Amino acid sequence: MNEQGNTPFKFFSLGGSNEVGRSCHILQYKGKTIMLDAGVHPAYQGMASLPFYDEFDLSTIDVLLISHFHLDHAASLPYVMQKTNFKGRVFMTHPTKAIYRWLLRDFVRVTSIGVNSTIGNDDNIYTDEDLAESFDKIETVDYHSTVDVDGIKFTAFHAGHVLGAAMFQIEIAGLRVLFTGDYSREMDRHLNSAEVPSLPSDVLIVESTFGTATHEPRLNREKNLTQLIHSTVSRGGRVLLPVFALGRAQEIMLILDEYWSQHAEELGSGQVPIYYASNLAKKCMSVFQTYVNMMNDDIRRKFRDSQTNPFIFKNISYLRNLEEFQDFGPSVMLASPGMLQSGLSRDVLEKWCPDEKNLVLITGYSIEGTMAKFIMLEPDTIPSINNPEVTVPRRCNVEEISFAAHVDFQENLEFIEKISANNIILVHGESNPMGRLKSAILSNFTALKGTENEVHIFNPRNCVEVELEFKGIKVAK
Ligand SMILES: [Zn+2]
């Protein structure tokens, strides 16, 4: 603390800076410490997938906020809570907690497959018991209701993206910081889009996944998706959509279920079956059916008007595993995991990719180093997951239509302008798109350069500190 009583605000990431994956950011101000998210990196296994927790004394953290249930934001939480000296309080929204439970149980199961119990498993960073114990200690928050933990106030706002996703606005001694997590601004079939908090923020920590790229409008993307799938199945092909079990998969299912009903003569009544293959399928859908009240007006109206749950699909059946799947004729398969690292979607990929009639359609964001990223380069062969010595020929089509529900450049810039924070910290983006985003935002704000409203933008690497001085911030009484 200096003579004026000013303490600097400090930010640094243990993961998720200049990369997508293992999100974990630390804020320190006036003796308070907050951790934002606790993810894993989907391209790595075991301890290598964790944020750099050894670089920080986790026992000093007062509050840990989880923005949403995706693995790159939440999957190392049981590790932090059960395997480290962390003793702070953990908060997330109700739907995030409900989904977290099933999702991480599946994560534990998948990472422990093929484990020789006598040798132990390096890939398991925690067990089912750790998960169960962590679950009881997690506290839930409602949207728009402020929680105060010893002078750290925080409020959850809708972030779009996936069910339960939140932006957190944090206030410590008058200083306000907004953390977007992953967010989307486009109106979706089932989610509220991200909102602008009514109170201004001094610091904005914002995702930069798509950098300066532009998305096509949603209606075009929906049309491209349904036409591409329809033409593939019409010529006898099979379509694999690798999806994360929960979240964006449900948006795709809403689109396909509606389209199948509109083209019932050609596609309906099991002529071209749609499968949702995940061992979480049933549990996941019950969570979605429960939380319709947290979704947008559109889907709530449909729910009221038809008296039937929009997440009870007419044209989609659930598959728990491939043993119960009879692979005759064209079909559409949504299967997890979304990045084809292992499991169901990978098995289906290896089965279908040798046939040129088939299509692999990527709809999520594919992280560097994963099979989903690799397959988009259209390699001649791919390694088999069960035996890396064996290669499988790849002749199927590969296409990408994004339904990842991250903002594009224009949406991000508009939101950043609305927040009008003087300090912007970019996270959750690979170095190149993040660098381009930084330049584009800077040139957008050149007029403010040298004025007291000058906008400062930071794109730090992991474990590199950003220090900001705040003078004259009024302490709320
Ligand atoms: Zn996400």
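As the structure is a computational prediction, the values presented were derived from the model and not from experiment.

### A few points about the overall build of the protein
Point 1. Tallying secondary structure elements over the protein gives 13 helices and 22 strands in all.
Point 2. The C-alpha atoms of the protein give a radius of gyration of 23 Å, which matches the 23 Å a tight globule of 477 residues would have.
Point 3. Dimensions of the protein, computed from the C-alpha atoms along their principal axes, are close to 75 × 55 × 45 Å.
Point 4. Within the protein, the proportion of its 477 residues that are buried is 56%.
Point 5. Intrachain contacts of the protein at a sequence separation of at least 6 include 73% that bridge at least 24 residues.
Point 6. Each charge class in the protein was averaged separately, 44 positive and 60 negative side chains, and the resulting centres sit 3 Å apart.

### What about the environment of His-70?
Point 1. Its location among the elements puts His-70 in the loop between β4 (63–65) and α1 (71–74).
Point 2. Sequence separation of His-70 and Gly-247 is 177 residues, and the distance between their C-alpha atoms is 8.5 Å.

### Structural notes on the sheet that holds strand β12 (residues 239–242)
By way of backbone hydrogen bonds, the strands of a sheet pair with one another, either parallel or antiparallel.
Point 1. Read from one edge to the other, the open sheet built from six strands follows the order β14-β13-β15-β12-β16-β19, with strand pairing classed as parallel. On the outer flanks of this sheet lie β14 (316–319) and β19 (397–400), each paired with one strand and no other. The average undirected angle you get between the axes of adjacent strands in this sheet is 20°.
Point 2. Of the strand pairs in this sheet, strand β16 (residues 359–362) and β19 are connected by four bridges, and their pairing is parallel. Bridge assignment links Ile-362 to a residue of β19, and that residue is Glu-400.

### Considerations on unusual backbone geometry
Point 1. In this model, Ser-336 is joined to Pro-337 through a cis peptide bond whose omega is 0°.
Point 2. Take Pro-337: it is sitting in the loop between β15 (332–335) and α10 (343–352).
Point 3. Phi at His-144 takes a positive value of approximately 65°, unusual for a residue other than glycine.
Point 4. Summarising the element assignment, His-144 is placed in the loop between β6 (138–141) and β7 (147–149).
Point 5. The backbone of Glu-378 shows a phi angle near 50°, a positive value even though the residue is not glycine.
Point 6. With respect to the element layout, Glu-378 can be found in the loop between α11 (371–375) and β17 (381–383).
Point 7. For Glu-378, a relative accessible area of 43% gives the class partly exposed.

### Quick notes on the side chain of His-70
Point 1. With a relative accessible area of 11%, His-70 lands in the buried category.
Point 2. A polar contact is formed between the side chain of His-70 and the side chain of His-161, at a distance of 3.2 Å.
Point 3. Look past the residues within four positions of His-70 in its chain and what remains in contact with it is Ala-75, His-161, Val-162, Asp-182, Phe-244 and Leu-246.

### Remarks on the packing of helix α5 (residues 218–234) against helix α6 (residues 248–262)
Point 1. With their axes 11 Å apart at the nearest point, α5 and α6 run at an angle of 60° to one another. Judged on the interaxial angle alone, α6 and α5 are oblique. By crossing handedness, the relation of α5 to α6 is classed as right-handed. Here Glu-222, Leu-225, Thr-226, Ile-229 and His-230 of α5 come into contact with α6, specifically with Ile-252, Ile-255, Leu-256, Tyr-259 and Trp-260.
Point 2. Tallied by class, residues from the contact of α5 with α6 come to seven nonpolar, two polar and one charged.

### Quick word on the nonpolar core
Point 1. Grouped together as the largest cluster of nonpolar side chains are 70 residues, with contacts concentrated most on Leu-225, Leu-256 and Val-332.
Point 2. At eight residues, the largest contribution of residues to this core is made by α6.
Point 3. Among residues more than four places away in sequence, those in contact with Val-332 are Ile-229, Val-233, Val-239, Leu-241, Leu-256, Trp-260, Val-272, Pro-273, Ile-274 and Tyr-275.
Point 4. Counting 33 residues, the second largest nonpolar core, distinct from the first, contains Val-40, Tyr-79, Val-108 and Tyr-126.

### Overview of the layout of surface pockets
Point 1. A volume near 350 Å³ is recorded for the second largest pocket.
Point 2. Lining the second largest pocket we find 15 residues, and of these Leu-254, Asp-257, Lys-302, Pro-310 and Lys-314 sit closest to its centre.
Point 3. Of all the elements, α6 adds the most residues to the lining of the second largest pocket, at five residues.

### Observations concerning the environment of Val-392
Point 1. Structurally, Val-392 is set in strand β18 (residues 391–393).
Point 2. The exposure class assigned to Val-392 is buried, which follows from its relative accessible area of 11%.
Point 3. Between the C-alpha atom of Val-392 and that of Arg-238, which follows or precedes it by 154 residues, the distance is 17 Å.
Point 4. Setting aside chain neighbours within four positions, we find Val-392 in contact with Glu-350, Cys-353, Pro-354, Asp-380, Thr-381, Ile-382 and Ser-384.

### Concerning α5
Point 1. The end-to-end C-alpha distance of α5, which contains 17 residues, comes to 24 Å, matching closely the 24 Å that a straight helix rising 1.5 Å per residue would cover.
Point 2. Those residues of α5 lying buried are Arg-221, Glu-222, Leu-225, Thr-226, Ile-229, His-230, Thr-232 and Val-233. The buried residues of α5 occupy an angular sector of 165° when the element is viewed end-on, so they sit on one face. In α5, the exposed positions that point more than 90 degrees away from the buried face belong to Leu-219, Lys-223 and Ser-234.
Point 3. Summarising the contacts, the buried residues of α5 are in contact with β12, α6, α7 (264–267), β15 and β16.

So, how was this worked out
- Residues numbered from 1 in each chain as written.
- Predicted model: local features only at pLDDT ≥ 70, side-chain atom pairs only at ≥ 80, totals over all residues.
- Heavy atoms only, no water.
- Helix = DSSP H or I, 4+ residues; strand = E, 2+ residues; numbered from the N terminus.
- Rg over C-alpha atoms; globule rule 2.2 N^0.38 Å.
- Buried < 20%, exposed > 50% of the residue type's maximum accessible area, 1.4 Å probe, protein only.
- Contact = heavy atoms within 4.5 Å.
- Lys, Arg positive; Asp, Glu negative; His and termini not counted.
- Charge placed at Lys NZ, Arg CZ, Asp CG, Glu CD.
- Pairing = 2+ DSSP bridges.
- Axes fitted to C-alpha atoms, helices over the stretch in contact; angles between N-to-C directions.
- Polar contact = N/O pair within 3.5 Å; in protein donor to acceptor, adjacent residues only side chain to side chain.
- Parallel < 35°, antiparallel > 145°, perpendicular 65-115°, else oblique.
- Left-handed = near helix turned anticlockwise from the far one by under 90°.
- Nonpolar A, V, L, I, M, F, W, Y, C, P; charged D, E, K, R; others polar.
- Core = buried A, V, L, I, M, F, W, Y, C linked by side-chain atoms within 4.5 Å.
- 1 Å grid on protein atoms, 1.4 Å probe; cavity = no way out; pocket = protein on both sides within 12 Å on 5 of 7 lines; lining within 4 Å.
- Points joined across faces, edges and corners; volume = space filled by probe spheres on them.
- Expected span 1.5 Å × (residues − 1).
- Arc of directions from axis to C-beta.

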